[in-house]
Amino acid sequence: MQIAKSREELSLITQQWNAEKLEWAFVPTMGALHNGHLTLVHEALKHFPRVVVSVFVNPTQFDRADDLSNYPRQPEKDAALLREVGAHALFLPSVDVMYPDGTDKDRMPDLAGLDTKYEGAARPGHFEGVVQIVRRLVEAVYPKAMFMGQKDAQQVAVLKRAALQEFWPLEIHAVATVRESSGLAMSSRNSQLSQEGLTKAATISRVLAKAEKEWKSGKTPRKIEKNGQETLLSAGFKPEYFDFIDATTFDPLPDLPSAQQGIEKPLIVTVAWLEGVRLIDNWPLY
Ligand code: PAF
């Protein structure tokens, strides 16, 4: 695996692939890699002969300085994991490489309000930072396709919309959330939980699975949302939201049973706090 720390080093690698007529896919990450990320690399390798992974903790998408400074960083371990899984190149830029003119927010494409709901409302400026860095990474890597986790469903929706608006010549593949055997969605943030917290955090996926059953049995969203919030609360979480939405627009579903919805991609999204850690998960109903 080759490691590039600058755009120039990276472009030497991709120029070579271009000369060999090899297409490459891209997996953007913030490092602290776990099996969820490695699954994205596996998926990308199934479809493309070359895969580039970036590891960059992007300061412009954090709304809290302590969250940015506490974010786990382990570049050597990440490089070893990527080498093992068969990635071909690791792009490991510094903040100065990605933001040579400072970290002011760039011009934003029209995101049709997707960036101001849910995660956008909870973390002001977050999606602006994500679009800003992904635009810069895509311009540096220039991949044919990008592989991302469905766990951050709103990020996927925002980036698909941004890609269309910006005419990035890019396919975006969303890969199903990878879960621990307990059902807990894999996340770099899980490492901030105690052993007891890790066990308890699996409740979130059980509540989501139960909500799907209720939905299939004809219960309507508002009732199921209320049940979900109450179960999380009584299990010791601080739920922030537990909502049925349309995965394309992130608008709430009307309070109708599933048979009467006519929405192509209904999704349950949730955030709940445990031991001061903000846990995010979602459950596709399509
Ligand atoms: O999902 C992430 O880890 C980040 O938001 C991304 C896409 C790498 C941009 O920094």
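Residues numbered from 1 in each chain as written. Predicted model: local features only at pLDDT ≥ 70, side-chain atom pairs only at ≥ 80, totals over all residues. Heavy atoms only, no water.

### Let's talk about the packing of aromatic side chains
Threshold: In this analysis, rings of Phe, Tyr and Trp, with Trp reduced to its six-membered ring, are considered paired at centre separations within 6.5 Å, and the interplanar angle assigns stacked below 30 degrees, edge-to-face beyond 60, and tilted for intermediate values. Note on conventions: DSSP H or I runs of at least 4 residues are helices, E runs of at least 2 residues are strands, and numbering of each starts at the N terminus. Each residue is placed in one exposure class: buried if its accessible area under a 1.4 Å probe, protein chains only, is under 20% of its type's maximum, exposed if it is over 50%, and partly exposed if it falls in between.
Per the stated rule, a full pass over the model turns up 7 aromatic pairs. With centroids separated by 6.2 Å and ring planes inclined at 85 degrees, the aromatic side chains of Phe48 and Phe147 adopt a geometry described as edge-to-face. In this pair, Phe48 sits in the loop between α2 (35-47) and β3 (50-55) while Phe147 sits in strand β5 (residues 145-149), placing the two residues 99 residues apart along the sequence. With respect to class, Phe48 is no different from Phe147; both count as buried. Through pairs of rings, three or more aromatic residues link up here, namely Tyr118, Tyr241 and Phe250.

### A word on the packing of helix α1 (residues 7-19) against helix α7 (residues 126-141)
Our working definition: Whenever a helix is involved, its axis is fitted only over the stretch in contact; in every case the axis is a line through C-alpha atoms, and angles between N-to-C directions fall within 0 to 180 degrees. By definition in this entry, angles of less than 35 degrees are roughly parallel, angles greater than 145 are roughly antiparallel, angles of 65 to 115 are roughly perpendicular, and the rest are oblique. In what follows, a contact means two residues having at least one pair of non-hydrogen atoms within 4.5 Å. Classification used: nonpolar for Ala, Val, Leu, Ile, Met, Phe, Trp, Tyr, Cys and Pro, charged for Asp, Glu, Lys and Arg, polar for all others including Gly.
Their axes nearest at 9 Å, the elements α1 and α7 cross at an angle of 45 degrees. Between α1 and α7, the angle is such that the two are oblique. For the pair formed by α1 and α7, the contact residues are Arg7, Leu10 and Thr14 on the first element and Arg136, Ala140 and Val141 on the second. Tallied by class, the residues present in the contact of α1 with α7 amount to 3 nonpolar, 1 polar and 2 charged.

### Focus on the pattern of salt bridges
Where we set the bar: Whenever a carboxyl oxygen of Asp or Glu lies within 4 Å of a side-chain nitrogen of Lys or Arg, that contact is scored as a salt bridge.
Taken as a whole, this structure holds 17 salt bridges when the rule is applied. Salt-bridge contacts for Asp106 lead to Arg135; the nearest nitrogen and oxygen are separated by 3.6 Å. Taken together, the residues Asp106 in the loop between α5 (95-98) and α6 (119-122) and Arg135 in helix α7 connect sequence positions 29 residues apart. In this structure, Arg161 engages Asp110 in a salt bridge whose closest nitrogen and oxygen atoms are separated by 3.5 Å. Of this pair, Arg161 sits in helix α8 (residues 153-166) while Asp110 is found in the loop between α5 and α6, placing the two residues 51 residues apart along the sequence. For Arg161, a relative accessible area of 26% translates into the label partly exposed. Beyond isolated ion pairs, a larger network of salt bridges with shared partners links Asp106, Arg107, Arg135, Arg136 and Glu166.

### Focus: the sheet that holds strand β4 (residues 89-91)
Selection criterion: Two strands are said to pair when DSSP picks up at least two bridges between them.
In spatial order, the strands read β1-β4-β3-β2-β5-β6; together these 6 strands make up an open sheet with parallel pairing. Edge positions in the sheet fall to β1 (2-4) and β6 (171-175), since each of these pairs with one other strand and no more. Between one strand and the next, the sheet's axes are offset by a mean angle of 25 degrees, whatever the strand orientation. The sheet contact formed by β3 and β4 spans 3 bridges and is parallel. Counterpart to Val53 in the pairing with β4 is Leu90. Each of β5 and β6 touches α8; the most contacted strand, β5, lies at about 160 degrees to it.

### Digging into the site of the ligand
Operational definition: Residue proximity to a molecule or strand is established when one non-hydrogen atom of the residue lies within 4 Å of it. Two N or O atoms count as a polar contact when they lie within 3.5 Å, although within protein this holds only if one can serve as hydrogen donor and the other as acceptor, and sequence-adjacent residues are included solely when both atoms are side-chain atoms. Where accessible areas are quoted, they stem from the Shrake-Rupley method and a 1.4 Å probe; at the residue level, only the protein chains shown are allowed to cover.
Neighbouring the ligand are the residues Pro28, Thr29, Met30, Asn58, Gln61, Ile133, Met148 and Gln155. Within the side chain of Gln61, a nitrogen or oxygen atom sits 2.6 Å from an oxygen atom of the ligand. Within the side chain of Gln155, an N or O atom sits 2.6 Å from an oxygen atom of the ligand. In isolation the ligand has 290 Å² of accessible area, and contact with the protein removes 89% of it. Its residues assigned to classes, the shell around the ligand comprises 4 nonpolar, 4 polar and no charged.

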